[in-house]
Amino acid sequence: KQEVTQIPAALSVPEGENLVLNCSFTDSAIYNLQWFRQDPGKGLTSLLLIQSSQREQTSGRLNASLDKSSGRSTLYIAASQPGDSATYLCAVRQDGTASKLTFGTGTRLQVTL
Amino acid sequence: NAGVTQTPKFQVLKTGQSMTLQCAQDMNHEYMSWYRQDPGMGLRLIHYSVGAGITDQGEVPNGYNVSRSTTEDFPLRLLSAAPSQTSVYFCASRRLRAGGRSDTQYFGPGTRLTVL
């Protein structure tokens, strides 16, 4: 059974700092991995999706990497801003057209002024 | 293009009551699913559907029913609400067979349900 772990559970950084969020998964036979952002009381917004054949994806100040063989992904946020404060979730999808997402419990990020 | 919409946003039920959470998407996605989110447990899959007329169970299906009569709609029914069903419920959709960024899964804003 796939298990997804995110460390740390919470993180507080000053504005402008670069930071890395970690995601690990137990079964490396994944189809893709997706990073989401969740603001308090809101739904999930997709940030980046990495296919199993890819090593990284970038969008603006965000860069996500994937090392499938070691079961790890990182989300790098450059020059953090207070607006980046949210919970970040990673989710992996196994192979198969009807396969579900398995989620980690998230990292709650606070960027302070 | 509204994406994935859910109603209601909030609901309070008494134990034993039934209700339906509505979910609709306008992206012509074949795959739709329902998750519940509980503190410290991550999101867990309740039911999913790969197309109109086809549904299947996820990890935590007990106490819930679904149907898929159209591509757009995927309602979740609570048959007899229990306090253990207090949670935030999210509906999601994606293409069934795609590739690249078309594999992205989109989520609705959620329904916060309290069962007393």
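Below, the structure is looked at part by part. (Residues numbered from 1 in each chain as written. Chains lettered and ligands numbered in written order. Predicted model: local features only at pLDDT ≥ 70, side-chain atom pairs only at ≥ 80, totals over all residues. Heavy atoms only, no water.)

Before going further, it helps to spend a moment on the nonpolar core. Residues and elements named next belong to chain A. Formed by 22 residues in total, the largest nonpolar core has its most connected members in Phe-25, Leu-33, Trp-35, Leu-75, Ile-77, Tyr-88 and Leu-109. If you list the elements that add at least two residues to this core, you get β3 (19-25), β4 (30-38), β5 (44-51), β7 (62-67), β8 (72-77), β9 (86-94) and β11 (107-112). Among all residues touching Tyr-88, those that are not within four sequence positions of it are Gln-6, Leu-21, Phe-36, Arg-37, Leu-47, Leu-75, Ile-77, Gly-106, Thr-107 and Leu-109. (Core = buried A, V, L, I, M, F, W, Y, C linked by side-chain atoms within 4.5 Å. Buried < 20%, exposed > 50% of the residue type's maximum accessible area, 1.4 Å probe, protein only. Helix = DSSP H or I, 4+ residues; strand = E, 2+ residues; numbered from the N terminus. Contact = heavy atoms within 4.5 Å.)

Attention shifts here to the packing of aromatic side chains. Applying the stated criterion across every chain, the model contains seven aromatic pairs over all chains. Measuring from centroid to centroid gives 5.3 Å for Phe-36 of chain A and Phe-107 of chain B, while their planes differ by 85 degrees, and the two rings are edge-to-face. Of this pair, Phe-36 of chain A sits in strand β4 while Phe-107 of chain B sits in strand β10 (residues 106-107), placing the two residues on different chains. Phe-107 of chain B carries the same exposure label as Phe-36 of chain A, and that label is buried. Through successive ring pairs, a cluster of aromatic residues spans Phe-36 and Phe-103 of chain A together with Tyr-35 and Phe-107 of chain B. If you follow Arg-68 of chain B out to its NZ or CZ, it ends over the ring of Phe-74 of chain B, 5.9 Å from the centre. Above the ring of Tyr-31 of chain B, the side-chain terminus of Arg-94 of chain B is found at 4.0 Å from the ring centroid. (Phe/Tyr/Trp six-rings, centres within 6.5 Å; stacked < 30°, edge-to-face > 60°. Lys NZ or Arg CZ within 6 Å of the ring centre and 35° of its normal.)

Let us look at the pairing of strand β5 (residues 42-51) of chain B. Residues and elements named next belong to chain B. In terms of residue burial, β5 counts as a mostly covered element, since nine of its ten residues are buried. Linking strand β4 (residues 31-38) to β5, which pair antiparallel, is a turn of three residues; within it Gly-40 sits at a positive phi near 75 degrees. The sheet contact formed by β5 and strand β6 (residues 54-57) spans three bridges and is antiparallel. Bridged to Gly-51 within β6 is Ile-54. Taken together, β5 and the strand that follows it, β6, pair antiparallel across an intervening segment of two residues, in which Gly-53 is found at a positive phi of about 85 degrees. (Pairing = 2+ DSSP bridges.)

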